[in-house]
Amino acid sequence: MKHSSENPGLPNFNYPAPVSRSQLPSTEVREPIPDFDDSADLRDYLDVVVRHKWVVLTFLSAVFVTVLIVSLSMKPLFQASGRLELNMQTPRVTKFEELTATNMREQVREYMQTNVRLLQSPSLARRVIERLHLEDNPAFNSAVTMQGLEQQPEGTVKRLQTIVSEGIIKSLKSFISNALRSGKEQNTRIDPALPKLQLEEDMLSKYSESLDVQPERDTRIINLSFSSTDPTLTRNIVNAHIQEFIGWQMDKRIDAGASAKEQLEKQLEVARINLEKGEKHLNEFAQKVGIVSLDPKLNLIYRQMEEMNNALAQAQADRVAKESLYKGANSANIDSLSMVMQNLLIQNLRQEWAKVEAEYQENYMTFKDDYPKLKNIKARSRDIERRIAAEEQRILGTIKNDFLTAQARESSLAQKAEEMKKQALDLNNQATEYKILEREVETSKFIHQSLMERSKEIDAKVGTDLGNVQVVDYAVLPLTPYKPNIRLNLLLAIIVGLVGGVGLAFLLEYLDNTVKRIDEISDRFGIPVVGVLPLAEAGEVRDLDTLVVSKPRAPFSEAVRTTRVSIQLSSAMDQPPKTILVTSTSPSEGKSTVSSNLALAFASSDERVLLIDADLRKPRLHRIFNCNGGDEGRCTHMGLSHHLSGMCSMDEAIQHTDIPNLHFLSAGPMPPNPAELLSSNQMKKFLGALIKLYDRIIIDSPPASGFADVLVLGNSVDGVVLVSNLGQTHREALRIFRRSLFNVGGHLIGAIVNKLDLGHHYGGYYSRYYRYYHSYYYPAYRTDGESLPETTSETMEEGTRSPS
């Protein structure tokens with residue numbers, strides 16, 4: 001693209017006063033920078049797996065194929081199982097109960113674990129080996145296999161074939177066995193019994209490795225299983241193990257019964273001697289103190305004391321009653337006593353007195369007191385009264401005599417009772433020792449009786465008790481091998497492969513610190529994405545820097561125009577960003593290409609645009625616009641560094657291109673101090689003058705990493721646009737750039753994602769969108785690279801305006 005060295009549209013002018021960024025139109029109020037969000041959601045994790053899907057699939061395939069080969073090369077193993085039921089029985093030799101009770105559940109658990117250990121014991125394994133003659137089986141005795149191979153013709157060839165068929169692992173085992181066998185032969189010279197002991201130890205080791213004993217949860221059933229390469233041998237070993245365990249338990253019970261019988265006989269003899277001694281001591285003591293029996297019915301002292309106590313109680317009750325009667329007779333009127341009132345003589349006398357008194361009253365009305373008849377009647381009345389009083393006194397005397405008699409009888413009985421009490425106390429003192437001896441005799445008698453009963457019980461039950469072990473299931477012949485379980489192994493291989501592949505993918509993701517998704521820029525770093533530019537096709541790479549003009553219907557061109565609209569709408573419509581700085585965090589991210597195409601897009605929308613190449617360290621835009629026919633070196637025309645150094649004026653530095661509305665300012669020669677030159681007052685005056693002449697100023701700057709140029713220019717422009725590439729832009733560089741730009745007061749408009757591969761990173765959506773968009777609205781556009789007729793500069797001439 002050629003340009004004209006003369007700028008007829010650029011007048012000569014003097015610089016106005018410097019305009020700082022704070023005096024420029026502000027698009028928004030500056031707010032504090034938000035915290036960076038480093039959290040991840042499910043979509044982030046899915047994206048990691050999708051990006052590294054070939055790593056996951058490769059790891060999965062490697063694990064799957066490895067497990068498949070190993071599973072197919074393994075020799076099949078058969079497993080036979082049997083089940084036993086164990087009923088807990090508390091062993092006892094006597095009928096004595098335990099003094100303390102333990103937790104039943106704990107007892108059951110210990111009982112089950114004890115039987116599991118017994119089933120795994122070497123003693124039981126030896127019984128099974130002896131019963132089945134496993135020392136002659138090649139699976140347990142490798143010497144049998146070696147002897148068979150040596151007896152065969154061409155044994156060496158067949159042995160090699162066996163080694164090859166069994167695999168490398170078994171060959172190593174054979175080599176180790178031979179080495180150990182040679183060591184055993186050397187040790188034989190020292191101890192002839194050592195080979196036999198070593199063979200027994202090897203067989204026990206192989207037997208224990210193949211045997212599995214597991215109790216079933218919350219039951220009293222034990223599952224017994226054995227595995228080997230011979231299904232018949234596997235079944236026979238399990239059944240023999242069960243039978244030998246039952247026989248072993250029976251032998252132990254018989255031995256325990258015989259031992260208990262012997263022990264009981266000793267204890268029975270001791271108990272008999274103790275019983276005889278106790279009875280002898282008891283009789284001698286009873287004869288010495290004269291005790292016949294302590295039973296109250298048989299003991300005279302106890303019986304007499306009981307009778308005396310009863311008589312004394314009756315005498316006390318009789319005395320109390322008579323004393324109460326006597327006191328009542330003395331204190332009250334004697335006529336009111338029941339004994340007086342119930343006396344027949346007194347009753348008759350009182351009736352007779354009543355008749356005499358009535359007769360007296362009848363004659364008294366007629367005669368006077370000295371009348372003889374009245375005197376006679378009066379004398380009869382007095383005689384009756386005297387007889388009544390005499391009878392009452394006699395009754396009172398009788399009550400008093402009864403009371404005194406009862407009192408004397410009580411005293412006599414109390415004295416006798418006290419004497420009997422002393423005799424009883426003396427007897428009790430002697431009976432205490434007697435009872436001690438008697439209890440010892442009873443205890444010895446009880447122990448002797450219990451031991452004798454238990455001895456007879458053991459004699460009756462030895463050899464007849466079926467025991468507490470019952471066979472639930474005997475082992476049957478296994479028809480299919482249980483190892484290798486190819487389906488399970490392959491399923492586990494898939495699970496392990498997926499987990500390992502995903503883990504490897506996340507490890508690679510952790511080691512790769514670049515941005516992987518478009519959403520990550522906005523969600524994690526808070527930078528709005530103003531545009532997404534797809535990766536150009538092979539036929540578009542040559543004209544990529546000016547693709548907006550050369551192929552306006554290309555997806556890349558459409559994306560640039562969409563980005564242009566996003567930048568225009570990023571601020572208020574009355575204050576759009578006029579000076580835009582385009583930069584990137586690292587080189588080769590396409591910032592110069594984006595700057596060029598953005599400038600062309602703005603120019604095609606009837607805006608006066610100036611494109612400034614501010615990359616004073618490694619400029620590139622002059623190659624795009626073919627500055628003065630310059631080659632791959634620097635532009636020969638006056639540029640930005642000339643003007644800022646005072647070597648030329650503005651109109652001499654700015655060049656008019658053949659694109660309408662687009663002017664270009666090259667970088668010029670590289671100065672010794674680019675950052676100081678860009679931060680000078682001359683640069684600020686220059687930008688202030690350009691704002692009045694152009695609608696849009698696009699500034700291409702060097703990368704932000706390692707250079708201060710971007711920070712210097714970021715404080716002088718209306719907004720900064722960051723160009724980033726997925727898989728190339730580092731997260732830390734992006735975080736540092738944003739924070740640094742905020743610290744210098746720069747305004748970040750947003751980010752443009754460049755070189756997006758539409759087949760990766762969820763780019764399929766963009767690919768479908770662009771294909772559908774162009775196929776629907778532009779039928780002439782095809783995926784094979786065809787495009788609509790391009791708009792030439794002549795067709796755009798009508799909308800061109802001079803920057804002046």
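Rules of the game
- Residues numbered from 1 in each chain as written.
- Predicted model: local features only at pLDDT ≥ 70, side-chain atom pairs only at ≥ 80, totals over all residues.
- Heavy atoms only, no water.
- Helix = DSSP H or I, 4+ residues; strand = E, 2+ residues; numbered from the N terminus.
- Buried < 20%, exposed > 50% of the residue type's maximum accessible area, 1.4 Å probe, protein only.
- Contact = heavy atoms within 4.5 Å.
- Areas by Shrake-Rupley, 256 points an atom, 1.4 Å probe, with all protein chains shown as cover.
- Axes fitted to C-alpha atoms, helices over the stretch in contact; angles between N-to-C directions.
- Parallel < 35°, antiparallel > 145°, perpendicular 65-115°, else oblique.
- Nonpolar A, V, L, I, M, F, W, Y, C, P; charged D, E, K, R; others polar.
- Pairing = 2+ DSSP bridges.
- Expected span 1.5 Å × (residues − 1).
- Arc of directions from axis to C-beta.
- Salt bridge = Lys/Arg side-chain N within 4 Å of Asp/Glu carboxyl O.
- Patch = residues over 30% accessible without salt bridge, like charges linked within 9 Å, V, L, I, M, F, W, Y side chains within 5 Å.
- Core = buried A, V, L, I, M, F, W, Y, C linked by side-chain atoms within 4.5 Å.
- pLDDT = per-residue confidence, 0-100.
- Right-handed = clockwise from strand over helix to strand, strands pointing away.
- Lys, Arg positive; Asp, Glu negative; His and termini not counted.

### What about the overall build of the protein chain?
Here comes step 1: Scanning the protein chain from N- to C-terminus turns up 25 helices and 13 strands.
Here comes step 2: Here the protein chain holds 804 residues, and the buried ones make up 39% of them.
Here comes step 3: Taking contacts inside the protein chain between residues at least 6 apart in sequence as the whole, the part at least 24 apart equals 81%.
Here comes step 4: For the protein chain, the accessible area works out to roughly 45900 Å², and carbon and sulfur atoms hold 55% of it.

### Description of the packing of helix α4 (residues 122-132) against helix α7 (residues 194-210)
Here comes step 1: Relative orientation of the contacting elements α4 and α7 amounts to 105°, with a least axis distance of 10 Å. The orientation of α4 with respect to α7, classified from their angle, is roughly perpendicular. Contact residues: Pro122, Ala125, Arg126, Val128 and Ile129 in α4; Glu200, Met203, Leu204 and Tyr207 in α7.
Here comes step 2: The residue makeup of the contact of α4 with α7, split by class, is seven nonpolar, no polar and two charged.

### Considerations on the sheet that holds strand β4 (residues 221-228)
Here comes step 1: Reading across the sheet, the four strands line up as β3-β4-β2-β5 and stay open at both edges, with antiparallel pairing between neighbours. The strands lining the two open edges of the sheet, one partner per strand, are β3 (211-215) and β5 (469-473). Between one strand axis and the next, the sheet turns through 25° on average, direction left out of account.
Here comes step 2: As judged from the four bridges shared by strand β2 (residues 78-86) and β5, these two strands associate in the antiparallel manner. When the bridges of β5 are listed, Arg83 appears paired with Asp473.
Here comes step 3: The strands that helix α3 (residues 104-119) touches are β2, β3 and β4; relative to β3, the one it contacts most, it runs at about 170°.
Here comes step 4: α7 rests against β3 and β4 of the sheet, and its axis sits at about 45° to β3.

### Details of α7
Here comes step 1: A rise of 1.5 Å per residue sets the reference length of α7, with its 17 residues, at 24 Å; its end C-alpha atoms lie 24 Å apart and thus fit the reference within 8%.
Here comes step 2: Among the residues of α7, those classed as buried are Met203, Leu204 and Tyr207. Seen end-on, α7 carries its buried residues on one side only, within an arc spanning 100°.

### Considerations on the environment of Ile246
Here comes step 1: Within the secondary structure, Ile246 is located in helix α8 (residues 231-289).
Here comes step 2: Expressed as a C-alpha distance, the spacing of Ile246 and Val471, which sit 225 residues apart in the sequence, is 9.0 Å.
Here comes step 3: Discounting chain neighbours no more than four positions away, the residues touching Ile246 are Val469 and Val471.

### Things to note about the pattern of salt bridges
Here comes step 1: With the rule as written, the count across this model stands at 24 salt bridges.
Here comes step 2: We note a salt bridge from Glu520 to Arg731, for which the minimum N-O separation is 2.3 Å. Taken as a pair, Glu520 in helix α14 (residues 518-523) and Arg731 in helix α24 (residues 731-743) lie far apart in primary sequence, 211 residues in all. Here Glu520 matches Arg731 in class, with each residue buried.
Here comes step 3: The partner of Arg608 in a salt bridge is Asp695, with the nearest N and O atoms 3.3 Å apart. Of this pair, Arg608 sits in the loop between α17 (591-604) and β8 (609-613) while Asp695 is found in the loop between α22 (681-693) and β11 (696-700), placing the two residues 87 residues apart along the sequence.
Here comes step 4: Among the charged side chains, a salt-bridge network with shared partners connects Arg51, Glu509, Asp512, Lys516, Glu520, Arg524 and Arg731.

### Points about a nonpolar patch on the surface
Here comes step 1: On the surface, a cluster of nonpolar side chains totalling about 580 Å² of accessible area is made up of Phe59, Leu504, Leu507, Leu508, Tyr510 and Leu511.
Here comes step 2: Counting residues per element, the nonpolar patch draws most heavily on helix α13 (residues 486-511), at five residues.
Here comes step 3: Mapped onto the elements, Tyr510 comes out in helix α13.
Here comes step 4: When its relative accessible area of 67% is taken as the criterion, Tyr510 is described as exposed.

### Quick word on the pairing of β11
Here comes step 1: With respect to burial, β11 is a largely interior element, five of its five residues being buried.
Here comes step 2: In this sheet, β11 lies alongside strand β7 (residues 579-584) in parallel orientation, the contact comprising four bridges. The residue of β11 that forms the bridge with Thr579 is Ile697.
Here comes step 3: Alignment of β8 against β11, held across five bridges, turns out to be parallel. Within β11, the position partnered with Val609 by the bridge is Arg696.

### Points about the nonpolar core
Here comes step 1: Counting 47 residues, the largest nonpolar core has Leu640, Leu690 and Ile699 as the members making the most contacts within it.
Here comes step 2: Among all residues touching Leu690, those that are not within four sequence positions of it are Leu610, Ile612, Met650, Ile654 and Ile697.
Here comes step 3: Of all hydrophobic cores here, the second largest spans 34 residues; its members include Ala536, Val594, Ile698 and Val723.

### Focus on the confidence of the model for the protein chain
As a note on interpretation, predicted positions should not be read in detail where pLDDT is low.
Here comes step 1: On average, residues of the protein chain score 76 in pLDDT, and 73% of them reach the 70 mark or higher.
Here comes step 2: Segment residues 2-29: pLDDT under 50, and 66 contacts once partners within four positions in sequence are set aside and those in other chains are kept.
Here comes step 3: Note on residues 148-168: pLDDT under 50 across the span, and seven contacts to partners over four residues away in sequence or across chains.

### With respect to the pairing of strand β12 (residues 719-725)
Here comes step 1: With respect to burial, β12 is a largely interior element, seven of its seven residues being buried.
Here comes step 2: Residue alternation in β12 divides its side chains into two sets, Gly719, Val721, Val723 and Asn725 and Val720, Leu722 and Ser724, and both sets are buried.
Here comes step 3: Relative to β12, β7 runs parallel, the two sharing five bridges. Pairing of Val582 across the sheet is with Val721, part of β12.
Here comes step 4: With six bridges joining them, β12 and strand β13 (residues 748-756) adopt parallel strand pairing. Within β13, the residue paired with Asn725 across the bridge is Asn754.
Here comes step 5: Crossover handedness for the path β12 to α24 to β13: right-handed.

### A look at the side chain of Arg564
Here comes step 1: For Arg564, the location among the structural elements is in helix α16 (residues 555-568).
Here comes step 2: Buried within the structure, Arg564 lacks any salt-bridge partner; its nearest side chain of opposite charge belongs to Glu607, at an N-O separation of 6.7 Å.
Here comes step 3: Apart from the residues lying within four places of it in its own chain, the contact partners of Arg564 are Leu598, Ala601, Phe602, Ser604 and Ser605.

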